[in-house]
Structures are given as C-alpha cells and as structure tokens.
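For reference, the chains in residue letters:
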Amino acid sequence: NANTNACYGSNLISAPSVDHRLVPWGTPSVHFSSLNGTLTTCCDSLDEIRTALDDIDDQILDLLNRRAAYVREATRFKSTRASVNVPSRNEAVLKQAEQQAVHIGVPVTIARAAMGAILNSSVPFEQCIFDAYNQ
Ligand SMILES: C=C(O[C@@H]1C=C(C(=O)O)C=C[C@H]1O)C(=O)O
C-alpha cells in the first residue's frame, strides 16, 4: 500500500505527534477500588493529580520526620564523631531500597535518588546533632 498521506498536504496529522497530543492521552494508570467494589479511575484534571500529590507529599514529610527522630536517636550510640557515618550501612540501606523498589514496582530511578538524598542529608544531620552535644 502506497503511503498517500503526503498527497493530502503537509499539515495533515494522521496520528498525534509528540507536540500535538489531545489531552488526556493514553490510558489512566491510577485506579481505585471503592467500597462497593466498583473500579474508579483517577484523574480528570491536572489539578486533581496535584491535590493527590500534595497529600502524598505531606505523608512523605511525616515519615521523614519519624525517620529523622530515629537517626537522631542513633547518635546516642556513637561515641566518636568518626563513627557517626557508617558507609557500609549506607550501602546496605540503598541496596535494600532498590530491591524493595523492584519488588513493589516503584520506579528504581526514583527510589535510588530519593533514598540517596535521604542518606546524604541524614548523615550531616546526625553529625550536627553529635556536634551540638559535644562542645
Ligand atoms: C542511623 C545511622 O547513622 C547513619 C545514618 C544512616 C541512615 O540514615 O540510615 C545509616 C548509617 C549511618 O551512616 C546508623 O548507623 O544506623
């Protein structure tokens, strides 16, 4: 079959191009099972998505707060400043996070970067706590 598209003019768009997609395009990736067993799909708008993201970000911050409390507590079991950072443990935490990410389907790129940022900020936080009690 000849490709006759070009015969109809250069402005003919037979398939949405990367720059001209009707939104929303593709198929939804967020599904909820409600109480009566019916499946509902999110989302109807970008606003709805951002409201959901804001709520999740609040939950992440809550977890970070709890995590930081334990990191602070760990300082009490370190007798020297040099023993605050434990590279082997950092590696183990990262490796475990990557494996868990694969297991539950979290994009590994996100899991790796997020856990890396958590560790890279937790160690200085713990060192700061150590210093504050060591002067
Ligand atoms: C909390 C600790 O101290 C540091 C912080 C870690 C963390 O945030 O998970 C891990 C290892 C240490 O570098 C620990 O030794 O477990």
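Figured I'd write up the structure that's included with this text. Predicted, not measured: the structure shown is a model, and the values here were computed from it. (Residues numbered from 1 in each chain as written. Predicted model: local features only at pLDDT ≥ 70, side-chain atom pairs only at ≥ 80, totals over all residues. Heavy atoms only, no water.)

## What about the side chain of Thr75?
Condition: Segments assigned H or I by DSSP are reported as helices when at least four residues long, segments assigned E as strands when at least two residues long, and all are numbered from the N terminus. Type-normalised accessible area, obtained with a 1.4 Å probe on protein chains alone, sets the label of each residue: buried when under 20%, exposed when over 50%, and partly exposed for intermediate values. We call two N or O atoms a polar contact when they sit within 3.5 Å, provided that within protein one can donate a hydrogen and the other can accept it, with sequence-adjacent residues counted only if both atoms are side-chain atoms. Here, residues are in contact when the closest pair of their heavy atoms is within 4.5 Å.
If you trace the backbone, Thr75 turns up in helix α1 (residues 46–75). Residue classification places Thr75 among the buried positions, given a relative accessible area of 7%. At 2.8 Å, the side chain of Thr75 and the backbone oxygen of Arg72 are in polar contact. The residues touching Thr75, leaving out its near neighbours within four places in the chain, are Glu126, Ile129 and Phe130.

## Looking at the pattern of salt bridges
The condition is simple: When a carboxyl oxygen of Asp or Glu lies within 4 Å of a side-chain nitrogen of Lys or Arg, that pair is called a salt bridge.
Within the structure shown, the criterion is met by four salt bridges. For Arg76, the salt bridge is made with Glu73, and the minimal N-O distance between the two is 2.6 Å. You can call Arg76 exposed: its relative accessible area is 62%. A relative accessible area of 35% places Glu73 in the partly exposed class. Between Lys78 and Glu126 there is a salt bridge; the shortest N-O distance is 2.8 Å.

## A closer look at helix α2 (residues 87–104)
Using the following cut-off: Each helix should span, by expectation, one fewer than its residue count multiplied by 1.5 Å.
The terminal C-alpha atoms of α2, which comprises 18 residues, lie 26 Å apart, in line with the 26 Å expected from a rise of 1.5 Å per residue. Buried residues along α2 sit in contact with α1 and α3 (108–132). Phi turns positive, to about 90°, at Gly105, one or two residues after α2.

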